[in-house]
Amino acid sequence: MKRILILLAAIVSLCACEEVILDGAWDPVELDKNHVNFPQEGGQNTISALNYTRWWINGGYETSPQQYVQATSSDGEEACTYDVLDGGWYHILVPDKGKSNTVIITVDLHYDTKPRLATIEMQAGNAFTKFTISQQ
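Residues numbered from 1 in each chain as written. Predicted model: local features only at pLDDT ≥ 70, side-chain atom pairs only at ≥ 80, totals over all residues. Heavy atoms only, no water.

## Structural notes on the overall build of the protein chain
Here is step 1 of the chain: What the protein chain contains, in helices and strands, is two helices and nine strands.
Here is step 2 of the chain: Moving toward the C terminus, one meets the helices and strands of the protein chain in the order α-β-β-β-β-β-β-α-β-β-β.
Here is step 3 of the chain: Counting over 136 residues, the protein chain shows a buried share of 34%.
Here is step 4 of the chain: Expressed as a percentage of contacts within the protein chain between residues at least 6 apart in sequence, the contacts between residues at least 24 apart total 57%.
Here is step 5 of the chain: For the protein chain, the computed accessible surface area is about 8800 Å², with 57% contributed by carbon and sulfur atoms. (Helix = DSSP H or I, 4+ residues; strand = E, 2+ residues; numbered from the N terminus. Buried < 20%, exposed > 50% of the residue type's maximum accessible area, 1.4 Å probe, protein only. Contact = heavy atoms within 4.5 Å. Areas by Shrake-Rupley, 256 points an atom, 1.4 Å probe, with all protein chains shown as cover.)

## What about the packing of aromatic side chains?
Here is step 1 of the chain: One pass over the full model with this rule turns up three aromatic pairs.
Here is step 2 of the chain: Here the aromatic rings of Trp26 and Tyr52 are separated by 6.4 Å at their centres, their planes lie at 20 degrees, and the arrangement is stacked. Of the two residues, Trp26 sits in the loop between helix H1 (2–15) and strand E1 (35–38) while Tyr52 sits in the loop between strand E2 (43–48) and strand E3 (56–63), which places them 26 residues apart along the sequence.
Here is step 3 of the chain: For Tyr52, a relative accessible area of 15% corresponds to the buried category.
Here is step 4 of the chain: The interplanar angle of 25 degrees and the centroid separation of 6.2 Å between the aromatic rings of Tyr61 and Tyr68 together place this pair among those described as stacked. (Phe/Tyr/Trp six-rings, centres within 6.5 Å; stacked < 30°, edge-to-face > 60°.)

## Description of the pattern of salt bridges
Here is step 1 of the chain: Enumeration over the complete set of coordinates arrives at one salt bridge.
Here is step 2 of the chain: Here Asp75 makes a salt bridge to Lys97, at a shortest N to O gap of 3.2 Å. Here Lys97 lies in helix H2 (residues 95–98) and Asp75 lies in the loop between strand E4 (66–70) and strand E5 (84–86), a separation of 22 residues in the sequence.
Here is step 3 of the chain: Judged by its relative accessible area of 45%, Asp75 is partly exposed.
Here is step 4 of the chain: By relative accessible area, which is 43% here, Lys97 ends up partly exposed. (Salt bridge = Lys/Arg side-chain N within 4 Å of Asp/Glu carboxyl O.)

## Brief notes about the side chain of Thr119
Here is step 1 of the chain: Structurally, the position occupied by Thr119 is in strand E8 (residues 116–124).
Here is step 2 of the chain: In contact with Thr119, not counting residues within four places along its chain, are Gly59, Gly60, Tyr61, Lys130, Phe131 and Thr132.

## Here's the deal with the sheet that holds strand E7 (residues 102–107)
Here is step 1 of the chain: The four strands are arranged E2-E7-E6-E5 in an open sheet whose pairing can be described as antiparallel. With one partner strand each, in any of the chains shown, E2 and E5 form the two edges of the open sheet. Ignoring which end each strand starts from, the neighbouring axes of this sheet average 15 degrees apart.
Here is step 2 of the chain: Here three bridges tie E5 to strand E6 (residues 90–93), and the two strands are oriented antiparallel to one another. Directly across from Leu85, in E6, lies its bridge partner Ile92. (Pairing = 2+ DSSP bridges. Axes fitted to C-alpha atoms, helices over the stretch in contact; angles between N-to-C directions.)

Okay, structure coming up:
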């Protein structure tokens, strides 16, 4: 009888265990598009994460010259929402103070004929992705 109780207790304890997601085991962030191209006049567009309900901006950079821009929080550093990125000619915003799976991309008017390219790095939990924006 004791053996049956011990066996039953072992089975119950194994079934009661919670699944733990290990670092790096998160599903990759799926995007509705990986690149957005803007005309010389600039404009606005959006990109959405398809498999996560919230995400935040890590930062962005241009390939030439190489300069990394850190994201900031619209409610100050203490908020830790990282929902705003100002890259000079491009501006990225996660709506609702970071409580969204969409980013709004706004690009300024480009007076030069030299194309511009920026890469934006995003994160949702321990899942990462990036997308690019360009302007002719």
